[in-house]
Every structure is written in C-alpha cells, then in structure tokens.
Amino acid sequence: NWSRMLDMELYHNVLTGTLPSSLSSMTDLEFFYIFGNRLTGTLPVEYHSWTRIRDLQLFDNDLTGSLPSHWGNMSSLEIFYLDQNRLTGTFPPEYEG
C-alpha cells in the first residue's frame, strides 16, 4: 500500500514525463526527492494532501507553470527546493507564515 510510504527518492534517474497526480494518495509521505531528472509539466495541485511532507525537492527538472496556492496547506514543510525549473508567477500569499 503506497499510501503509507514515508520516503520516496527518485533523483538523478533521467525520468521524463509529468509528475503524476496519483501520488497525492501517499498521504504519509514526509520526504520526496525527484530532482535531477527531465520532468516537464506543471506542479499537481493534488499534492496539497501531503500534510506531513517535511522535505520536498523538485529542483533541476523542466517543470513549468506556477506554484499551486493549495500547496500552502503543507504546514509541516521545512525544506522546499524548486530551483532550476521554468516556473513563473508570484509567490502565493498562502505560503507566508
């Protein structure tokens, strides 16, 4: 049962495609490392269900779009790396605090 997974590390694997919204079912996830790949597309708004996520590293891909405002609900988030992508827009006020 993937919903109980705490740590997923898929970095530097030359993965392509988009981030699947189905990963949002992993509600116990605390660490998600998928940097250094060739992922494209936008950040799935469904990931806001990751309320226990502490470390989210999506840098060094080719992700586009803006930060989903609902991701501001990730209240346990301590480390958040999105650099080296092609994201646009402003920083949503939901992330403050």
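Here, every reference points to the structure presented above.
Computed from a prediction, not measured in an experiment: that's the story for all the values here.

### Details of the nonpolar core
Consideration 1: By size, the foremost hydrophobic cluster in this structure holds 20 residues, and its most contacted members are F32, L43, W50, L56, L58 and W71.
Consideration 2: In this structure, L56 is in contact with F32, W50, W71, M74, L77, I79, F80 and Y81, ignoring residues within four places of it in sequence.

### Some details on the environment of M26
Consideration 1: On the secondary structure map, M26 appears in the loop between β2 (16-17) and β3 (31-33).
Consideration 2: Given the relative accessible area of 1%, M26 is considered buried.
Consideration 3: Sequence separation between M26 and S3 is 23 residues; the distance between their C-alpha atoms is 3.8 Å.
Consideration 4: Those residues in contact with M26, other than ones at most four positions away along the chain, are W2, S3, M5, M8 and W50.

### Quick look at the sheet that holds strand β7 (residues 79-81)
Consideration 1: Pairing is parallel across the open sheet formed by four strands, whose spatial order is β1-β3-β5-β7. Sheet topology places β1 (7-9) and β7 at the edges, where each strand pairs with a single neighbour. Ignoring strand direction, the axes of neighbouring strands in this sheet form an average angle of 10°.
Consideration 2: One ladder, built from three bridges, connects β3 with strand β5 (residues 55-57); its direction is parallel. Across the sheet, F31 pairs through a bridge with D55, a residue of β5.

Criteria and thresholds
- Residues numbered from 1 in each chain as written.
- Predicted model: local features only at pLDDT ≥ 70, side-chain atom pairs only at ≥ 80, totals over all residues.
- Heavy atoms only, no water.
- Core = buried A, V, L, I, M, F, W, Y, C linked by side-chain atoms within 4.5 Å.
- Buried < 20%, exposed > 50% of the residue type's maximum accessible area, 1.4 Å probe, protein only.
- Contact = heavy atoms within 4.5 Å.
- Helix = DSSP H or I, 4+ residues; strand = E, 2+ residues; numbered from the N terminus.
- Pairing = 2+ DSSP bridges.
- Axes fitted to C-alpha atoms, helices over the stretch in contact; angles between N-to-C directions.

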